Amino acid sequence: MTKSVLELRDVTKSIGSRKLVDQLSFEVQAGEVFGFLGPNGAGKTTTIRMIVGLIAMSKGEISIKGVSLRKQFELAMTHVGAIVENPEMYKFMSGYDNLVHFARRHNGVTKQRIDEVVQLLGLQNRIHEKVKRYSLGMRQRLGVAQAILHRPSLLILDEPTNGLDPAGIRELRDYLRMLAKEEGLAVIVSSHLLSEMELMCDRIAIIQSGKLMDVRSLHEARGQAQSKILLEVKDASAVQLLLTQTYEKMPIAIHGGQLELAAEAARIPDIVKLLVQSGVDVMGIHAVRQTLEEQFLEVTGGEMIV
């Protein structure tokens, strides 16, 4: 069993009688990208600030690599790298000099490690240019390089895609997935871009009004056993009748001349075989799965994410 890098147990943050975060519990494993979603004011940023020690929790326990944040804060923080929105750096200095400056804050960060991180993030061609010449995407990558110099076990990114163009977002997504795999990092990402989170994350946690609503694996969602299937056929009504006679309990509807049916994945080959043997011309078969946006709106009751 994989040991958790981050564990939250009944974490609560109260201001007066108002609970910003209410008994939040979840774990993040090594090598996974974990998405943190919630509507505006749900408690995402408050939770991240508690994890990195910017604000104190009212109740509960947070441990990083088995080290309690309450009891051994400085030791716990040695395992963490973080960027909250845009990374801060000296724009008049080169990217390399920024990394050297940051490395001096940590014990044991060698020149070899700096060079390794530069290669890992694909910065080698422009690392000696001044940061003021970097695009926002380049600065984000340099920020991630800074955050992982000391080989943390946990990387936390709060809205890392803010201000990035589509190419920069894709680039950052690819690097984060690569880092989780190559460095064995546990990565937490908070973002309002649900389509990107769907491509980037292995699991997601959804919080609302400070409470954990759900934690789910996106891999399971992609391969869900029960899914909607769209069939493109010439005579949808006749095919609907045929399938209804064979599969009495299967929900089947006609939408825009196409047949929509809910079926287990294992049953699809049999359905296709039946249609072909019955002389039905099948022009197309499409699996329709629930998007992360649809899942999010379902869990939160339609509350928008920002």
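In what follows, the structure referred to is the one given above.
Now for a quick tour of the structure. No experiment lies behind these values; they were computed from the predicted model shown. (Residues numbered from 1 in each chain as written. Predicted model: local features only at pLDDT ≥ 70, side-chain atom pairs only at ≥ 80, totals over all residues. Heavy atoms only, no water.)

## What to know about helix α10 (residues 268–277)
Thinking step 1. Taken together, the buried positions of α10 are Ile271, Leu274 and Leu275. Buried residues of α10, viewed axially, fall in a sector of 95 degrees; they line one side. Opposite the buried face of α10, at more than 90 degrees from it, the exposed residues are Pro269, Val276 and Gln277.
Thinking step 2. Just past α10, the residue glycine 279 takes up positive phi, approximately 80 degrees. (Buried < 20%, exposed > 50% of the residue type's maximum accessible area, 1.4 Å probe, protein only. Helix = DSSP H or I, 4+ residues; strand = E, 2+ residues; numbered from the N terminus. Arc of directions from axis to C-beta.)

## A short note on the side chain of serine 4
Thinking step 1. Residue position: serine 4 is located in strand β1 (residues 4–15).
Thinking step 2. Given a relative accessible area of 8%, serine 4 falls into the buried group.
Thinking step 3. Side chain to side chain, serine 4 and glutamate 27 meet in a polar contact 2.6 Å long.
Thinking step 4. Apart from the residues within four sequence positions on either side, serine 4 is in contact with Glu27, Val28 and Gln29. (Polar contact = N/O pair within 3.5 Å; in protein donor to acceptor, adjacent residues only side chain to side chain. Contact = heavy atoms within 4.5 Å.)

## So, unusual backbone geometry
Thinking step 1. At aspartate 10, a residue that is not glycine, the phi angle is positive and equals roughly 55 degrees.
Thinking step 2. Position of aspartate 10 among the secondary structure elements: in strand β1.
Thinking step 3. Classification of aspartate 10 as partly exposed rests on a relative accessible area of 43%.
Thinking step 4. One non-glycine residue with positive phi stands out, namely glutamate 159, at about 55 degrees.
Thinking step 5. Of note, glutamate 159 is situated in the loop between β7 (154–158) and α6 (166–182).
Thinking step 6. Taking relative accessible area as the criterion, glutamate 159 reaches 10% and is therefore assigned buried.

## Overview of the packing of helix α5 (residues 136–148) against α6
Thinking step 1. Where α5 meets α6, the closest approach of the two axes is 11 Å, and the angle between their N-to-C directions is 20 degrees. Comparing their axes, α6 and α5 come out roughly parallel. Read as a crossing pair, α5 and α6 show a hand that is right-handed. Within the contact between the two elements, α5 uses Arg141, Val144 and Ile148 and α6 uses Glu171, Leu172, Tyr175 and Leu179.
Thinking step 2. Here the residues of the contact of α5 with α6 sort into five nonpolar, no polar and two charged. (Axes fitted to C-alpha atoms, helices over the stretch in contact; angles between N-to-C directions. Parallel < 35°, antiparallel > 145°, perpendicular 65-115°, else oblique. Left-handed = near helix turned anticlockwise from the far one by under 90°. Nonpolar A, V, L, I, M, F, W, Y, C, P; charged D, E, K, R; others polar.)

## Side note on the sheet that holds strand β4 (residues 59–64)
Thinking step 1. Judged by pairing direction, the sheet is antiparallel, and its four strands sit side by side in the order β2-β1-β4-β5 without closing on themselves. This sheet does not close on itself; its edge strands, each paired only once, are β2 (18–29) and β5 (67–68).
Thinking step 2. Relative to β5, β4 runs antiparallel, the two being bridged by two bridges. When the bridges of β5 are listed, isoleucine 64 appears paired with valine 67.
Thinking step 3. Sheet contacts for helix α1 (residues 44–51): β1, β2 and β4; angle to β1, the most-contacted strand, approximately 115 degrees. (Pairing = 2+ DSSP bridges.)

## Quick notes on the pattern of salt bridges
Thinking step 1. Enumeration according to the criterion identifies 13 salt bridges in this entry.
Thinking step 2. Salt-bridge contacts for glutamate 116 lead to arginine 113; the nearest nitrogen and oxygen are separated by 2.8 Å. Residue glutamate 116 and its partner arginine 113 are both found in helix α4 (residues 111–120); the two are separated by three residues, about one turn of the helix.
Thinking step 3. Exposure remark for glutamate 116: the relative accessible area of 31% places this residue in the partly exposed category.
Thinking step 4. Each of Arg113, Glu116, Arg151 and Glu183 takes part in salt bridges that share partners, so that together they form one network. (Salt bridge = Lys/Arg side-chain N within 4 Å of Asp/Glu carboxyl O.)

## Looking at the layout of surface pockets
Thinking step 1. Of the voids in this model, the largest pocket is the one considered here, and its volume is about 540 Å³.
Thinking step 2. Along its surface, the largest pocket is lined by 19 residues, and Val80, Gly81, Ala82, Ile83 and Phe102 are the ones closest to its centre.
Thinking step 3. Of all elements in the fold, only α2 (73–77), β6 (80–84) and α5 reach the threshold of two or more residues within the lining of the largest pocket.
Thinking step 4. Looking at the lining of the largest pocket element by element, the count peaks at five residues for β6. (1 Å grid on protein atoms, 1.4 Å probe; cavity = no way out; pocket = protein on both sides within 12 Å on 5 of 7 lines; lining within 4 Å. Points joined across faces, edges and corners; volume = space filled by probe spheres on them.)

## Here's the deal with the sheet that holds strand β10 (residues 211–217)
Thinking step 1. Spatially, the six strands line up as an open sheet ordered β6-β7-β8-β3-β9-β10, and their pairing is mixed. Of all the strands in the sheet, just β6 and β10 have a single pairing partner and so form its edges. Taken over all neighbouring pairs, the strand axes of this sheet differ in orientation by 15 degrees on average, direction set aside.
Thinking step 2. Two elements, strand β3 (residues 33–37) and strand β9 (residues 203–208), share four bridges in a ladder whose sense is parallel. From the neighbouring strand, phenylalanine 36 faces β9, where its bridge partner is alanine 205.
Thinking step 3. Strand contacts of α1: β3, β7, β8 (186–190) and β9, with the helix running at about 145 degrees to β7, the strand carrying the most contacts.
Thinking step 4. Most of the contacts of α5 go to β6, to which it runs at about 155 degrees, and overall it touches β6 and β7.

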